[in-house]
Amino acid sequence: MKRPQLQLIEGSGWELSPWIDLPPTIAAKSPFDPSAACCHRVSGHDVRRAAENGRRQPAFEFWSVICGQAPPVNNVFSAAGRVEAEAGLISLSEAHACFKGIKRPLGEDDDGADYVVYVLRPRFFYRYVPSMVCVAEKVEVPGDLLFTAYARLDHPPDGGATLLIGTLTHWDFVEADANDPRLPVSFGNRYSERLW
């Protein structure tokens, strides 16, 4: 008798809302050569779990800083239109610095050596604001904050066979260094090495 093959079916029986349905990949600069392009897979599990627990801000930061577009929520373009709603937003491919190694355990990585950190200086981002009209509000980023996005590199790398080189796992705002406001505070102690 032939055994039936089991198959994993992802999903929970209904479609995800567009604001929580993150794209599978995101374009970025290569951590090893800022003039070259690469792609990272996007791990949306933590964002979906945060949303289930009432935390919508990580998804809004993903759309407005990493993707460079307004979050796909109702009425986000109604007040100012698409051009104004997305004016001044930047994406991951506009990072101005990159570090390797985060000097702390993260997930399955005992010392964070397989992580790269992209540093961005966004002017604006969208925050979640409960409202009957629109739950997304475009706000200015305080001048003393930077945005960092963390990607775990594939190990071993595929030798350049594809542009996919890692997985974007999380992101957040960090304080800027007083001596070099384009880099995170204590970047020398926080990361193993600066790549560019």
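The present account deals with the structure reproduced in this document.

Section: the nonpolar core
- The biggest cluster of nonpolar side chains holds 43 residues, and the ones touching the most others in it are Phe62, Ile66, Leu92, Tyr118, Tyr126, Leu168 and Trp171.
- When residues of this core are assigned to their parent elements, the largest contribution, six residues, is made by helix α2 (residues 57-66).
- Each residue touching Ile66, except ones within four places of it in the same chain, is listed here: Ile26, Glu61, Ile90, Ser91, Leu92, Phe147, Ala149, Leu168 and Trp171.
- Counting residues in hydrophobic clusters, the runner-up holds twelve residues, among them Val119, Leu146, Tyr150 and Val174.

Some words on the sheet that holds strand β7 (residues 145-153)
- The strand order β1-β2-β8-β7-β4-β3-β9 describes an open sheet built from seven strands, whose pairing is mixed. Of all the strands in the sheet, just β1 (25-29) and β9 (193-194) have a single pairing partner and so form its edges.
- Here nine bridges tie β7 to strand β8 (residues 164-175), and the two strands are oriented antiparallel to one another. The residue of β8 that forms the bridge with Ala149 is Trp171.
- Set on the sheet, α2 makes contact with β1, β2 (37-42), β4 (115-120), β7 and β8; between it and β8 the angle comes to about 105°.

Details of the state of the cysteines
- For the structure on display, the rule yields zero disulfides.
- Just so you know, Cys39 is unpaired, no disulfide at all, and the nearest cysteine sulfur is the one on Cys38, 6.6 Å from it.

Description of the packing of aromatic side chains
- Across all of its chains, the model carries nine aromatic pairs by this definition.
- Seen in terms of ring centroids, Trp19 and Phe60 are 5.9 Å apart; in terms of plane orientation they differ by 70°. Their pairing is edge-to-face. Of this pair, Trp19 sits in the segment before β1 while Phe60 sits in helix α2, and the two are 41 residues apart along the sequence. Each member of the pair, Trp19 as well as Phe60, carries the same accessibility label: buried.
- Between Phe62 and Trp63, the ring centres sit 5.7 Å apart and the planes meet at 85°, which makes this aromatic pair edge-to-face. Pair check on accessibility: Phe62 and Trp63 agree, each one buried.
- Taken together, the aromatic side chains of Trp19, Phe60 and Tyr128 make up a single cluster linked through ring pairs.
- Positioned over the ring face of Phe124 is Lys138, at 4.8 Å from the centre of the ring.

About the cut-offs
- Residues numbered from 1 in each chain as written.
- Predicted model: local features only at pLDDT ≥ 70, side-chain atom pairs only at ≥ 80, totals over all residues.
- Heavy atoms only, no water.
- Core = buried A, V, L, I, M, F, W, Y, C linked by side-chain atoms within 4.5 Å.
- Buried < 20%, exposed > 50% of the residue type's maximum accessible area, 1.4 Å probe, protein only.
- Helix = DSSP H or I, 4+ residues; strand = E, 2+ residues; numbered from the N terminus.
- Contact = heavy atoms within 4.5 Å.
- Pairing = 2+ DSSP bridges.
- Axes fitted to C-alpha atoms, helices over the stretch in contact; angles between N-to-C directions.
- Disulfide = S-S within 2.5 Å.
- Phe/Tyr/Trp six-rings, centres within 6.5 Å; stacked < 30°, edge-to-face > 60°.
- Lys NZ or Arg CZ within 6 Å of the ring centre and 35° of its normal.

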